[in-house]
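Per-entry structural report
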Amino acid sequence: MTPKEKLSFIQQKFPELYSLLEMNVPFVVENTEHMTREDAEICNCWIAFYCGKIENPQLMMSLLF
């Protein structure tokens, strides 16, 4: 899945996580075509935070960039 497809999936299935990403990494959400490795790492931190909060490590592994 491309980063753009993954963000679309997150937006549809996990709106709370998508909101976290919008608030904390808006430059990535708005411009996935130019996502750098560092941008992906920041997104992954927020994904890990969210999945830890809901206690779902399997979901985290499937959502990481």
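Description of the structure in this document.

Each value, and the rule that gives it
- Residues numbered from 1 in each chain as written.
- Predicted model: local features only at pLDDT ≥ 70, side-chain atom pairs only at ≥ 80, totals over all residues.
- Heavy atoms only, no water.
- Helix = DSSP H or I, 4+ residues; strand = E, 2+ residues; numbered from the N terminus.
- Buried < 20%, exposed > 50% of the residue type's maximum accessible area, 1.4 Å probe, protein only.
- Contact = heavy atoms within 4.5 Å.
- Disulfide = S-S within 2.5 Å.
- Axes fitted to C-alpha atoms, helices over the stretch in contact; angles between N-to-C directions.
- Parallel < 35°, antiparallel > 145°, perpendicular 65-115°, else oblique.
- Nonpolar A, V, L, I, M, F, W, Y, C, P; charged D, E, K, R; others polar.
- Left-handed = near helix turned anticlockwise from the far one by under 90°.

Notes on unusual backbone geometry
- Although it is not a glycine, E55 adopts a positive phi angle of roughly 55°.
- If you trace the backbone, E55 turns up in the loop between α4 (37-53) and α5 (57-63).
- Under the relative-accessibility criterion, E55 is labelled exposed at 70%.

So, the side chain of T32
- Here T32 shows up in the loop between α3 (26-30) and α4.
- Every residue in contact with T32, bar those within four places of it in the chain, is listed here: P3, K4 and L7.

Looking at the environment of C51
- Along the chain, the position of C51 falls in helix α4.
- It is 10 Å that separates the C-alpha atoms of C51 and L64, two residues lying 13 residues apart in sequence.
- Setting aside its immediate chain neighbours within four residues, C51 contacts N56, L59, M60 and L63.

So, the state of the cysteines
- The full count for this structure, using the stated rule, is zero disulfides.
- Here C45 stays free of any disulfide, with the sulfur of C43 as its closest cysteine sulfur at 9.2 Å.

Remarks on the packing of helix α1 (residues 3-13) against helix α2 (residues 15-24)
- At their nearest, the axes of α1 and α2 sit 5 Å apart, and the two run at 125° to each other. As summarised for this structure, α1 and α2 are arranged oblique, according to the angle between their axes. Contacts between α1 and α2 pair L7, I10, Q11, Q12 and K13 from the former with P15, L17, Y18 and L21 from the latter.
- The residue inventory of the contact of α1 with α2, partitioned by class, reads six nonpolar, two polar and one charged.

Remarks on the packing of α2 against α4
- Their axes nearest at 10 Å, the elements α2 and α4 cross at an angle of 145°. Helix-helix and strand crossings are classified by hand; for α2 and α4 the assignment is right-handed. Where α2 abuts α4, its residues E16, L17, L20, L21 and N24 lie against C43, W46, I47, F49, Y50 and K53.
- Its residues placed into classes, the contact of α2 with α4 shows eight nonpolar, one polar and two charged.

Take it as geometry only, folks, not as evidence of what the structure does.
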